[in-house]
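Summary of the model geometry
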Amino acid sequence: MKVVLLAISFLCVSLLGKAQQDTKAKEILEKVSENTRTFKSVSADFTFAMENKEMDIHEKNDGSIKIKGQKYAVSLPDVGIKVFSDGSTIWSYMKDGNQVTVSNIDDESNELMDPASIFSIYEKGFQSKFIAEKNVGGKTVYEIELYPDTNEYDVSKISVEINKSNMMIQSAKLYGNDGNIYGIDVKKMETNNEFKDSEFVFNPSGFPDVEIIDLR
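Residues numbered from 1 in each chain as written. Predicted model: local features only at pLDDT ≥ 70, side-chain atom pairs only at ≥ 80, totals over all residues. Heavy atoms only, no water.

Things to note about the overall build of the protein chain
The condition that has to hold: Helix numbering and strand numbering both begin at the N terminus, where a helix is a DSSP run of H or I of at least 4 residues and a strand a DSSP run of E of at least 2. Classification of residues uses two cut-offs on accessible area relative to the type maximum, computed with a 1.4 Å probe and protein chains only: under 20% is buried, over 50% is exposed, and between them is partly exposed. Residue contacts follow a heavy-atom distance rule, with two residues in contact if any of their heavy atoms lie within 4.5 Å. Throughout, the Shrake-Rupley method with a 1.4 Å probe supplies accessible areas, and for residues the shown protein chains are the sole cover considered.
Tallying secondary structure elements over the protein chain gives two helices and twelve strands in all. Along the chain direction, N to C, the helices and strands of the protein chain fall in the order α-α-β-β-β-β-β-β-β-β-β-β-β-β. Per-residue burial over the protein chain gives 47% buried out of 216 residues. Expressed as a percentage of contacts within the protein chain between residues at least 6 apart in sequence, the contacts between residues at least 24 apart total 53%. Roughly 11,000 Å² of accessible area belongs to the protein chain as shown, and the carbon and sulfur atoms make up 45% of that amount.

Have a look at this one:
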């Protein structure tokens, strides 16, 4: 679940490291960061993929995300996963078992897994490297790779593609230390939509007979 959130987060935001930086990569990422910070909300439809060549795993699922300030809501209907956060509480719902786990944001040990906090995660320390400017599906994109300074995130490398025309991240690929490769491709993105605060809170009435596991 946490890796899913981590991958999805890179759709809407950027990472900038305080460690050594490639000048061109830093310039591009700063523009993306400045751009995304002007939006009061971001939403996206995407395809999430997981691959492990050694285990012959090749999975793809469609999903969506909404972010408003520190609030977010993620849905992966193909696998029956929904995650809600109002900025202080996280509700993680699994259709298989009809269960929702409730926890506090402060109890989450890895801040990188919070889509809302990604807006400031660049302060945690990543090195960036500009790889290429290329054409992907008729669009000009910048390819940039990021390398964590520590093993805190269980990720060895992150590769992102940024649309040159709107300076928004359109895809991301995360290389996990466990051998899994997680990919995200944006199908549609919108900004500045009006979202009610209730959209970021789990409502039991919409899930009959749901089992609530409160870990707070």
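That covers the picture; the talk isn't over yet.
Some thoughts on the pairing of strand β9 (residues 155-163)
Note the threshold: At least two DSSP bridges between two strands are needed for those strands to be called paired.
Judged by how many residues are buried, β9 sits mostly within the fold: seven of nine residues are covered. Relative to β9, strand β8 (residues 139-148) is paired through six bridges, and the arrangement is antiparallel. Counterpart to Val141 in the pairing with β9 is Asn163. Taken together, the eight bridges between β9 and strand β10 (residues 168-176) define a ladder with antiparallel strand orientation. In the sheet register, Asn163 faces β10, and the bridge partner there is Met168. The turn linking β9 back onto β10 is made up of four residues, and Met167 within it adopts a positive phi angle of 55 degrees.

Some thoughts on the packing of aromatic side chains
Where we set the bar: In this analysis, rings of Phe, Tyr and Trp, with Trp reduced to its six-membered ring, are considered paired at centre separations within 6.5 Å, and the interplanar angle assigns stacked below 30 degrees, edge-to-face beyond 60, and tilted for intermediate values. Remark: a charge is flagged as sitting over a ring if the NZ atom of Lys or the CZ atom of Arg is within 6 Å of the ring centre and within 35 degrees of the ring normal.
Scanning the model with the defined rule gives seven aromatic pairs in all. Aromatic side chains Tyr93 and Phe207 sit 4.5 Å apart centroid to centroid with 50 degrees between the ring planes, which places their arrangement in the tilted category. In this pair, Tyr93 is assigned in strand β5 (residues 89-94) and Phe207 in the loop between β11 (181-191) and β12 (211-214), connecting sequence segments 114 residues apart. Under the relative-accessibility criterion, Tyr93 is labelled buried at 7%. A relative accessible area of 16% means that Phe207 is categorised as buried. One Lys or Arg, Lys24, reaches over the ring of Phe130 and ends 5.1 Å from the middle of that ring. Positioned over the ring face of Tyr175 is Lys157, at 4.6 Å from the centre of the ring.

Things to note about unusual backbone geometry
The phi angle of most residues is negative, glycine excepted, and most peptide bonds adopt the trans form. Unusually for a residue other than glycine, Asp56 sits at a positive phi of about 55 degrees. Within the secondary structure, Asp56 is located in the loop between β1 (42-52) and β2 (57-68). Unlike most non-glycine residues, Met167 shows phi in positive territory, near 55 degrees. Of note, Met167 is situated in the loop between β9 and β10.

A look at the environment of Thr101
With respect to the secondary-structure elements, Thr101 resides in strand β6 (residues 99-104). When its relative accessible area of 27% is taken as the criterion, Thr101 is described as partly exposed. Apart from the residues within four sequence positions on either side, Thr101 is in contact with Ile90, Trp91, Ser92, Ile213 and Leu215.

Describing the pattern of salt bridges
Our working definition: In what follows, salt bridge is the name for a side-chain nitrogen of Lys or Arg lying within 4 Å of a carboxyl oxygen of Asp or Glu.
Applying the stated criterion to the full structure yields eleven salt bridges. A salt bridge links Glu145 to Lys157; the nearest nitrogen and oxygen atoms lie 3.5 Å apart. In this pair, Glu145 sits in strand β8 while Lys157 sits in strand β9, placing the two residues twelve residues apart along the sequence. Using a relative accessible area of 11% as the deciding quantity, one classes Glu145 as buried.

A closer look at the pairing of strand β7 (residues 126-136)
When β7 meets β8, the two strands line up antiparallel, connected through ten bridges. Looking at the pairing, Lys134 lines up with Val141 of β8. Hairpin connection from β7 to β8: two residues lie between these consecutive antiparallel strands, with Gly137 at a positive phi of about 60 degrees.

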